[in-house]
Amino acid sequence: MCRWMAWLGQPVLIEELMFNTQHGIVDQSLHARMGAEPTNGDGVGVGWYGAGDGPGLYHSVSPAWADANLRELAGHIESRLFLVHIRAAIGSPVQHTNCHPFRHGRWLFVHNGYLGGFQQVRRDLVLAVDPSLFPGMRGSTDSEIVFHLALGFGLEDDPIGALEQTVGFIEATAAQHGIPDAVQATFGFSDGTRLWAVRYASEGRPRSLFASADVDTVRALYPDNARVQLLSDDDRVIVSEPFADLPGLWQEIQPGTAVSVEHGGVLEERPFRPRPPVAQAAVPAGAAP
């Protein structure tokens, strides 16, 4: 499907995590170990928070390993919070508007996975997007629809609750069409202050997702690793698959789990439980409640 990563911590050059790690996101674009396929070459995107108003975006339909502009920018952009996504298209076109992260105001959103029977439920889902948000939809992916549904169900006030309502609505809509595997996903999203991630599947095992362990634990495990010792207490990274073969550095995020990360390195977990939407205004007549 795809691979993604998110960093929240001390300011770092984006290239440090994209290019300068053993099995970083660019290496994963060619040699993914835990994805549905080893090659993810249908585009790349970076969203970062810096000095400007809201997050910056870079999208390219080039494979990450062959994008000279990406390498140049990554070596000169420093950020405390950024998300990177490499895409493996499974139905929607390879084009700039289909590259993640997707942006709305201060929010960034990435997704790895799919919506089952998407072409059968697409019309119902699009019609359920809040009309005020519809002009912001530029691409044709299921991921962008998920993001805009979540915005309509209150993402900016209750991020995890809004996504639970979104997934609940998608599952109910899919059930009306006889589709059992409605959602297969890991999601990552941020408002520039905090970072959230979800691992969930309606059926089967969801796509892989890991978080780095707390910094004190990592330092104690690898006292002679110079790179590890440069980590600050603020630092956390969430990844589709581990960046390095260092036992104890990574903790698997369990299926049906949502996590949040704040500055200071605090990571909190809670169950992710899809449910019917509370806000019904955007749901069209005849669509699943």
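Bear in mind the structure is a predicted one, so any value in this text is a computation, not a measurement.

Attention now moves to the overall build of the protein. Along its length, the protein carries 8 helices and 13 strands. At 18 Å, the protein has a C-alpha radius of gyration in line with the 19 Å of a compact globule built from 289 residues. Judged by the C-alpha coordinates and their principal axes, the protein covers about 60 × 35 × 35 Å. Counting the 289 residues in the protein, one finds 55% classified as buried. Excluding contacts between residues fewer than 6 apart, the proportion of contacts in the protein whose partners are at least 24 apart in sequence is 69%. Measuring between centres, the 20 positive side-chain charges of the protein sit 3 Å from its 33 negative side-chain charges.

Attention shifts here to the pairing of strand β4 (residues 78-87). Counting buried positions along β4 yields 8 of 10 residues, so the element is predominantly enclosed. The pairing of strand β1 (residues 2-13) with β4 spans 9 bridges and is antiparallel. Across the sheet, A6 pairs through a bridge with L83, a residue of β4. Two elements, strand β2 (residues 44-49) and β4, share 6 bridges in a ladder whose sense is antiparallel. Bridged to W48 within β4 is F82.

This part is about the sheet that holds strand β12 (residues 257-262). Ordered in space as β5-β6-β7-β8-β12-β13, the 6 strands form an open sheet in which the pairing is antiparallel. Edge positions in the sheet fall to β5 (102-104) and β13 (266-271), since each has one partner strand and no second. Ignoring which end each strand starts from, the neighbouring axes of this sheet average 15° apart. By the bridge criterion, 7 bridges tie strand β7 (residues 183-190) to strand β8 (residues 195-201) in an arrangement that is antiparallel.

What follows concerns helix α6 (residues 159-176). For α6, with 18 residues, the first-to-last C-alpha span of 26 Å sits near the 26 Å given by 1.5 Å per residue. Across the 18 residues of α6, 14 count as buried, placing the element largely inside the fold.

This part is about unusual backbone geometry. Along the chain, H100 connects to P101 via a cis peptide bond; the corresponding omega equals -5°. Residue position: P101 is located in the loop between β4 and β5.

This brings us to the pattern of salt bridges. Applying the stated criterion across every chain yields a total of 11 salt bridges. A salt bridge links R3 to E241, with the nearest nitrogen and oxygen atoms 2.6 Å apart. Of this pair, R3 sits in strand β1 while E241 sits in the loop between β10 (236-239) and β11 (250-252), and the two are 238 residues apart along the sequence.

Analysis parameters
- Chains are numbered independently. Their residues run from 1 in the order of the written sequence.
- Predicted model: local features are reported for residues with pLDDT of at least 70 only, side-chain atom pairs are reported and counted for 80 or more only, and whole-chain, interface and lining totals are derived from all residues.
- Heavy atoms from the whole structure form the basis of all side-chain values; hydrogens and water molecules are not counted.
- Counting from the N terminus, the helices are the DSSP runs of H or I reaching at least four residues and the strands are the DSSP runs of E reaching at least two.
- It is over C-alpha atoms that the radius of gyration is taken, and the globule rule equals 2.2 Å times the number of residues to the power 0.38.
- Any residue under 20% of the maximum accessible area for its type is buried, any over 50% is exposed, and the rest in between are partly exposed; the area is computed with a 1.4 Å probe on protein chains only.
- Any two residues having at least one pair of non-hydrogen atoms within 4.5 Å are treated as being in contact.
- Lys and Arg are tallied as positive, Asp and Glu as negative. Neither His nor the chain termini are counted.
- For the purpose of locating charges, the reference atoms are NZ of Lys, CZ of Arg, CG of Asp and CD of Glu.
- By the convention used here, strands pair only if DSSP detects at least 2 bridges between them.
- In this analysis an axis means a line fitted to C-alpha atoms, helices contributing only their contacting stretch, and an angle means the value between N-to-C directions, from 0 to 180 degrees.
- Under the convention used throughout, the expected extent of a helix is 1.5 Å for every residue step, that is, one less than its residue count.
- Whenever a carboxyl oxygen of Asp or Glu lies within 4 Å of a side-chain nitrogen of Lys or Arg, that contact is scored as a salt bridge.

The quantities given are spatial measurements derived from coordinates; they are silent on function.
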